[in-house]
Amino acid sequence: MKTGSIYVYLGLNLRNQYLKSKKVRQAIAYAIDVESIISNLMEGIDKPANSLLYPGNWAYNPGLPFYSYDTVKAEQLLDEAGFPDPDGKGGAPRFTLVYKCTDKQLSRQKAQIIQQYLSEVGIAIDIRSYEWGTFFDDIQNGRFDMYSLTWVGVYEPDMFFHLFHSSNIGVGANRGGYSNPKVDYLIELAQRSMDINKRRQYYWQIQKILNDELPYISLWYETNVAVMNRDVFGFEIAPAAEWNSFRKTYFRSPVSSDSDQ
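Procedures and definitions
Residues numbered from 1 in each chain as written. Predicted model: local features only at pLDDT ≥ 70, side-chain atom pairs only at ≥ 80, totals over all residues. Heavy atoms only, no water. Helix = DSSP H or I, 4+ residues; strand = E, 2+ residues; numbered from the N terminus. Contact = heavy atoms within 4.5 Å. Buried < 20%, exposed > 50% of the residue type's maximum accessible area, 1.4 Å probe, protein only. Pairing = 2+ DSSP bridges. Polar contact = N/O pair within 3.5 Å; in protein donor to acceptor, adjacent residues only side chain to side chain. Phe/Tyr/Trp six-rings, centres within 6.5 Å; stacked < 30°, edge-to-face > 60°. Arc of directions from axis to C-beta.

Colleague: Explain the side chain of Arg199 to me, using residue names and the numbers behind them.
Modeller: Take Arg199: it is sitting in helix H8 (residues 196–213). Setting aside residues no more than four positions away along its own chain, Arg199 makes contact with Trp58, Glu156, Pro157, Ala190 and Ser193.

In structure tokens form, the structure reads like this:
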């Protein structure tokens, strides 16, 4: 069992009239009890995430905070963002967001759990479930308020360019429309630098900004589990559970010996 690089996140459309507010995005992060979802939906084996990069990555920033479950803080931020609860808990919502998911059971269950958490702070969630092709076409083309997906095998931190540089809005994977000139600049500095220590410092700054501004809300890193026969040797779980884990794997039969019957 080993914590992997497979990153599960909540994607947000920053063009939305509510989600364009950083305080609303932070409120959503505080309103979701990630550890409880891991325990009850993911069998307790995954680890809470706070960055696109997993802790084993050379550019991961170990000083990033986590958004702990705090509904009081969430409600306070929503009030400050200008979206007070119109009639108290249990009544009309502050506002409604559309959450798109696939028709797979786990995807729908995750959506329902998040729906329940957000309802507790006054955010109504309208879940819409689709088969994969329709769902992913909507995500790629920015037709969503919220969704959850997974990035597999994130090793090279230049992935930040693909996901968060403003030049990739509408043409790349910056599907939520995130734009920050400072993040663009730091990404470009990291791309040009040949000094790994400088690159690390740039990526640490990028992660700190993204952790504050939340174009994605980090959920968890999937834990890779391998069950092996005792006669299998040399197998090492890769961070993204790729098949190349089998490169050095071999099978050794147990040594037999004569015995009296």
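Additional details are given in the paragraphs that follow.
Colleague: Can you break down the pairing of strand S5 (residues 146–151) residue by residue, with the values?
Modeller: Taking burial as the measure, the six residues of S5 include five buried ones, the bulk of the element. Of the strand pairs in this sheet, strand S3 (residues 95–102) and S5 are connected by two bridges, and their pairing is parallel. By the bridge assignment, Tyr99 is partnered in S5 with Met146.

Colleague: Any details on the side chain of Ser148? Residues and values, ideally.
Modeller: Relative to the elements of secondary structure, Ser148 occurs in strand S5. From its side chain, Ser148 meets the backbone oxygen of Tyr9 in a polar contact 2.8 Å long. Engagement of the side chain of Ser148 in a polar contact is seen with the side chain of Lys110, the distance being 2.9 Å.

Colleague: Outline the environment of Met159, listing residues and values.
Modeller: Tracing the backbone through its elements, the reader meets Met159 in helix H6 (residues 159–164). For the pair Met159 and Leu53, spaced 106 residues apart in sequence, the C-alpha to C-alpha distance is 9.3 Å. In this structure Met159 touches Leu52, Trp151 and Val154, once residues within four positions along its chain are discounted.

Colleague: Quick one: what's the story with helix H1 (residues 22–31), residue by residue and with numbers?
Modeller: Where burial is concerned, most of H1 is hidden: eight out of the ten residues are buried. The complete set of buried residues in H1 reads Val24, Arg25, Gln26, Ala27, Ile28, Ala29, Tyr30 and Ala31.

Colleague: Before we move on, can you summarise the packing of aromatic side chains with the specific residues and values?
Modeller: The relative placement of two aromatic rings is captured by the distance of their centres and the angle of their planes. Enumeration according to the criterion identifies 18 aromatic pairs in this entry. Seen in terms of ring centroids, Trp132 and Phe136 are 4.9 Å apart; in terms of plane orientation they differ by 15°. Their pairing is stacked. Taken together, the residues Trp132 and Phe136, both in helix H5 (residues 132–140) and four residues apart, mark about one turn of the helix. Note on Trp132: relative accessible area 45%, which makes it partly exposed. On the basis of relative accessibility, which here comes to 22%, the residue Phe136 falls in the partly exposed class.

Colleague: Any chance you could break down helix H3 (residues 71–80) for me, citing the residues and the numbers?
Modeller: Of all the residues in H3, the buried ones are Ala74, Glu75, Leu77 and Leu78. End-on, the buried residues of H3 take up no more than an arc of 160°, which puts them together on one face. Residues of H3 that are buried make contact with H1, S3 and strand S4 (123–130). Two or three places before Val72, at the opening of H3, Asp70 has a side-chain oxygen 3.2 Å from that residue's backbone nitrogen. A positive phi of about 95° marks Gly82, the residue just after H3.

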